[in-house]
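Here is how the chains run, residue by residue.
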Amino acid sequence: MTAAMDISVTRVERSKLQDLDMENLPFGKYFTDHMLEADFENGEWKNIEIKPYQPLLLSPSVAALHYGQAIFEGIKAYKDREGHPFIFRPQDNHKRFNISAERMQMPAVPEELFVEGMRRLISLDQAWIPMKNDFSLYIRPFMFSSDELIGVRPSDTYKFMIILSPSGPYYAAPMRIYVEEKYVRAVPGGVGYAKAAGNYGAAMYATAEAKKKGYDQVLWMDAFEHKYVQECGTMNVFFIIGNTAITPGLEQGTILGGVTRNSVITLLNEMGVTVEERDLSIDEIVAAYKAGEHMEVFGTGTAATISPIKELGYKDMSMTFDLDKWKIAPAIKKTITDIREGRQADTHGWMYKI
Ligand SMILES: *Cc1c(COP(=O)(O)O)cnc(C)c1O
């Protein structure tokens, strides 16, 4: 792809923005006026278009619906105090998108199409980025196989798209989490490190079972011994025990390498908190809990940033945490939100100007 990427732009005749109730924005429900669409054919990306948000016309035989070659990303855009729009770390999501693509035997998407395409789309719809504390524009790039053929083989054609959804404050209510010992999410050698659509479908049954027991989500454990902590829903997980933060490492390829996880590790280090990326067993957690150590437990992800965990249910034991005593998690949440919304200097180059 050349430097001057050719994007054809068709604008809506009438914006839907005036119909939007900014006070009532459930996550992922409303979409902006435009979307980006591109086709991979004969080994190259073509037909790059920004056009009015609209349904797709697909053949029932389209490969992605049958065999699940489908991946996605989740990113957020914000406005700073002066109203300038920024995207949080889009290059990192682009790198991860191509890691997912490779694992699913799908073509790479060039940075220019992913990041510059996103920038062009958002600049067209920038009036949709809410300029209020805790509001943002959620960006959903995705790709799926589009051959019309129900043979089990990688597709020759793919569609890459970006859609945008304005979202209101994602109230991260403290969660009750069930330590899952029967079902597993990922295995070494599997696709756990990819943001592949099927990973989420495969997680729904166990999550529904946990909800029946009164929990919000499951904490996935390793596939062999059901002993080592992995992650939670669409969040990585951190345990602060004493003054040390522990989060599972990425080397086994069973957890998603979150951009928020990476940002939180950086900020914890800057706060002087020791961070250990390593195996963490449920026995170690139970022992720290029983010893009465100071503990803060939380999930990290683009949607909610930092989600406190107030209770862990493990076998017939319930471990509850006193959020009023937490210091580190709330400080991290404040710093990251202040950087994103322009109240604190962006010393890491995380904010990409639109
Ligand atoms: C997206 C996701 C995360 C969080 O990643 P971020 O880049 O921080 O949004 C964590 N775990 C899973 C399984 C995910 O899908």
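Shown above is the structure to which this text applies.
Okay, so let's go over this structure. (Residues numbered from 1 in each chain as written. Predicted model: local features only at pLDDT ≥ 70, side-chain atom pairs only at ≥ 80, totals over all residues. Heavy atoms only, no water.)

Positioned with a positive phi, Arg89 is a non-glycine residue whose angle comes to about 50°. Topologically, Arg89 is positioned in the loop between strand E6 (85-88) and helix H2 (90-103). Judged by relative accessible area, Arg89 falls into the buried class, the value being 9%. For Lys315, which is not glycine, the phi torsion reads 50° and is therefore positive. Relative to the elements of secondary structure, Lys315 occurs in the loop between strand E16 (305-314) and strand E17 (317-320). Taking relative accessible area as the criterion, Lys315 reaches 57% and is therefore assigned exposed. (Helix = DSSP H or I, 4+ residues; strand = E, 2+ residues; numbered from the N terminus. Buried < 20%, exposed > 50% of the residue type's maximum accessible area, 1.4 Å probe, protein only.)

The immediate surroundings of the ligand are formed by 15 residues, with Lys195, Tyr200, Glu231, Thr260 and Thr302 found nearest. Between an oxygen atom of the ligand and a side-chain N or O atom of Arg96, the distance comes to 2.8 Å. The separation between an oxygen atom of the ligand and a polar side-chain atom of Thr302 is 2.6 Å. Bound to the protein, the ligand loses 97% of the 380 Å² it would expose on its own. (Near = heavy atom within 4 Å. Polar contact = N/O pair within 3.5 Å; in protein donor to acceptor, adjacent residues only side chain to side chain. Areas by Shrake-Rupley, 256 points an atom, 1.4 Å probe, with all protein chains shown as cover.)

The next subject is the layout of surface pockets. Roughly 640 Å³ of internal volume is contained in the largest pocket. Of all the secondary structure elements, the ones that give two or more residues to the lining of the largest pocket are strand E7 (136-145), helix H5 (259-270) and strand E15 (295-301). Looking at the lining of the largest pocket residue by residue, the class counts come to 15 nonpolar, 11 polar and 6 charged. Considering only enclosed or pocket space, the second largest pocket measures out at about 440 Å³ in volume. Lining the second largest pocket are 22 residues, with Ala172, Ala304, Ile306, Lys333 and Thr337 positioned closest to its centre. Of all the secondary structure elements, the ones that give two or more residues to the lining of the second largest pocket are strand E5 (75-79), E16 and helix H7 (328-340). No other element matches the 5 residues that H7 contributes to the lining of the second largest pocket. Considered class by class, the residues forming the lining of the second largest pocket number 14 nonpolar, 3 polar and 5 charged. Shared between two domains, the lining of the second largest pocket holds at least three residues of each, these being domain 1 (8-169) and domain 2 (175-340). (1 Å grid on protein atoms, 1.4 Å probe; cavity = no way out; pocket = protein on both sides within 12 Å on 5 of 7 lines; lining within 4 Å. Points joined across faces, edges and corners; volume = space filled by probe spheres on them. Nonpolar A, V, L, I, M, F, W, Y, C, P; charged D, E, K, R; others polar. Domains from an automatic or database assignment.)

The next thing to look at is the pattern of salt bridges. Under the definition given, this model contains 23 salt bridges. The shortest N-O distance in the salt bridge between Glu73 and Arg96 comes to 2.7 Å. Of this pair, Glu73 sits in the loop between strand E4 (70-72) and E5 while Arg96 is found in helix H2, placing the two residues 23 residues apart along the sequence. Classification of Glu73 by relative accessible area gives buried; the value is 0%. A salt bridge links Arg120 to Glu116; its shortest N-O distance comes to 3.9 Å. Here Arg120 pairs with Glu116, and both are found in helix H3 (residues 111-124), just 4 residues apart, close to one helical turn. Note on Arg120: relative accessible area 28%, which makes it partly exposed. (Salt bridge = Lys/Arg side-chain N within 4 Å of Asp/Glu carboxyl O.)

These results come straight from atomic positions and should not be treated as a statement about function.
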